[in-house]
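Listed below, chain by chain, are the residues.
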Amino acid sequence: MVELKNVSVTYQNGVEALHNVNLTIHDEEFAFVVGESGAGKSTLIKLLIKEIDATSGSVKVNGFDLGKLKQKDVPKLRRTIGFVFQDFKLINTMNVYDNVAFVLRSIDAPLKYIRKRVPYVIGLVGLKDKMKAYPTEMSGGEQQRVALARALVNDPKLIIADEPTGNLDPKTSIEIIQLLQGINQCGTTVLMVTHEHELVKRFGGRTISILDGQIKFDDII
Ligand code: ADP
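Per chain, residues are indexed from 1 in the order of the written sequence. Local features are withheld for residues below a pLDDT of 70 in this predicted model, meaning they are given only at 70 or higher, and side-chain atom pairs are given and counted only at 80 or more; totals for whole chains, interfaces and linings count all residues. Values shown for side chains rest on all heavy atoms present in the structure; no hydrogens or waters enter the calculation.

**Observations concerning the packing of helix H3 (residues 96–106) against helix H5 (residues 140–152)**
Alright, step 1. Think of each axis as a best-fit line through the C-alpha atoms, taken over the contacting stretch in the case of a helix, with angles from 0 to 180 degrees between the N-to-C directions. Note on conventions: DSSP H or I runs of at least 4 residues are helices, E runs of at least 2 residues are strands, and numbering of each starts at the N terminus. At a closest axis distance of 8 Å, the pairing of H3 and H5 adopts a crossing angle of 25°. Looking at the two axes, H3 sits roughly parallel to H5. Crossing angle aside, the handedness with which H3 passes H5 is right-handed. Packed against H3, whose contacting residues are Val96, Asn99, Val100 and Val103, the element H5 presents Val146, Ala149 and Arg150 at the interface.
Alright, step 2. A breakdown of the residues in the contact of H3 with H5 according to their chemical character gives 5 nonpolar, 1 polar and 1 charged. Here the angle decides the label: under 35 degrees means roughly parallel, over 145 means roughly antiparallel, 65 to 115 means roughly perpendicular, and every other value means oblique. By the definition used in this description, the sense in which the near helix is turned from the far one sets the handedness, with an anticlockwise turn below a right angle giving left-handed and a clockwise turn giving right-handed. Here a residue-residue contact requires only that any non-hydrogen atoms of the pair lie within 4.5 Å. Under the scheme applied here, ten amino acids are nonpolar (Ala, Val, Leu, Ile, Met, Phe, Trp, Tyr, Cys and Pro), four are charged (Asp, Glu, Lys and Arg), and all others, including Gly, are polar.

**Let's talk about the sheet that holds strand S4 (residues 56–61)**
Two strands in a sheet stick together by hydrogen bonds in their backbones, pointing the same way (parallel) or opposite ways (antiparallel).
Alright, step 1. Taken in spatial order, the 4 strands line up as S2-S1-S4-S5 in an open sheet, and their pairing is antiparallel. The two strands at the open ends of the sheet, each matched to only one other strand, are strand S2 (16–25) and strand S5 (64–65).
Alright, step 2. If DSSP finds at least two bridges between two strands, the strands pair. Where strand S1 (residues 2–10) meets S4, 5 bridges bridge the pair, whose relative direction is antiparallel. Directly across from lysine 5, in S4, lies its bridge partner serine 58.
Alright, step 3. Contacting S1, S2 and S4, helix H1 (residues 41–48) runs over the sheet at an angle of about 120° to S1.

**Quick look at the nonpolar core**
A general tendency of soluble globular proteins is for nonpolar side chains to be buried together.
Alright, step 1. By convention a nonpolar core is built from buried Ala, Val, Leu, Ile, Met, Phe, Trp, Tyr and Cys residues, the set being connected through side-chain atoms within 4.5 Å. The buried label goes to any residue with under 20% of its type's maximum accessible area, the exposed label to any with over 50%, and the partly exposed label to all in between, with areas taken from a 1.4 Å probe on protein chains only. With 43 residues, the main nonpolar core has Val100, Val118, Ile122, Leu148, Ile159 and Leu180 as its most contacted residues.
Alright, step 2. Put simply, the parts of the chain that give this core at least two residues each are strand S3 (30–34), H3, helix H4 (111–124), H5, strand S7 (158–162), helix H6 (170–185), strand S8 (189–194) and helix H7 (197–203).
Alright, step 3. The next biggest cluster of nonpolar side chains, apart from the first, holds 32 residues, and it includes Val2, Leu23, Leu48 and Phe83.

**Quick look at the pairing of strand S10 (residues 214–220)**
Looking along a regular strand, one sees the side chains alternate between the two faces of the sheet.
Alright, step 1. One ladder, built from 6 bridges, connects strand S9 (residues 206–211) with S10; its direction is antiparallel. Opposite isoleucine 210, over in S10, you have isoleucine 215 as the bridge partner.
Alright, step 2. Taking the residues between adjacent antiparallel strands as the criterion, S9 and S10 are bridged by 2 residues, where aspartate 212 takes a positive phi near 50°.

**Focus on H4**
Alright, step 1. In a regular helix each residue adds 1.5 Å, so 14 residues correspond to 20 Å; H4 covers 20 Å between its end C-alpha atoms and thus fits that length.
Alright, step 2. Of all the residues in H4, the buried ones are Ile114, Arg117, Val118, Pro119, Val121 and Ile122.
Alright, step 3. Contacts from the buried residues of H4 go to H3 and H5. Any helix carries an expected span of 1.5 Å times its number of residues minus one.

Put into structure tokens, the structure is as follows:
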């Protein structure tokens, strides 16, 4: 669950990027966050992963009170969140299997678990036959599927997808959102940031619109 209460963020240069934001996203919800460039979307995401702190107000994510969370415990918070980025951020020298396994290896997961879990999530995103392929041999849509598998592999409570369709054609974008919806239906909360209003309209659902650092609209469309 994500809960922001009276949250404002002012950067050191005096820009107030978020102003008195109140927002609750319950477990198992799917929400779009929309807004033009400069609206405050990235600031919101940075808050949720404690890359920055609120100037005032409280932020709670997956049971962590971020105002009280010590820096040394931030990895614990981040392990409950899976990320998907616009530019995929895959490691080009690793094949699909290793790109996904990397996450579990970095937290010293047992080898037996890795060998079971990694093929499972790669299968979930429809890439079972591409396990040994390298990112440079794959289409954008396939690469984003790998990124989705990587986000999922540690069984996060929340997936934050930051403009995940920004580099994809319309058809592939729809496939990626459908995959995210499937993941959501299996119980993972999904927060998808996008500026593509057409996609949001097509899928509908909870849509949080940010304008000038404030929530202008938060409803089901
Ligand atoms: P979005 O992701 O919607 O494009 P941002 O959250 O990046 O919006 O930016 C919100 C506002 O905060 C903008 O006016 C931007 O210029 C400003 N801003 C973002 N990051 C910083 C920073 N590190 N220092 C100062 N101002 C920033």
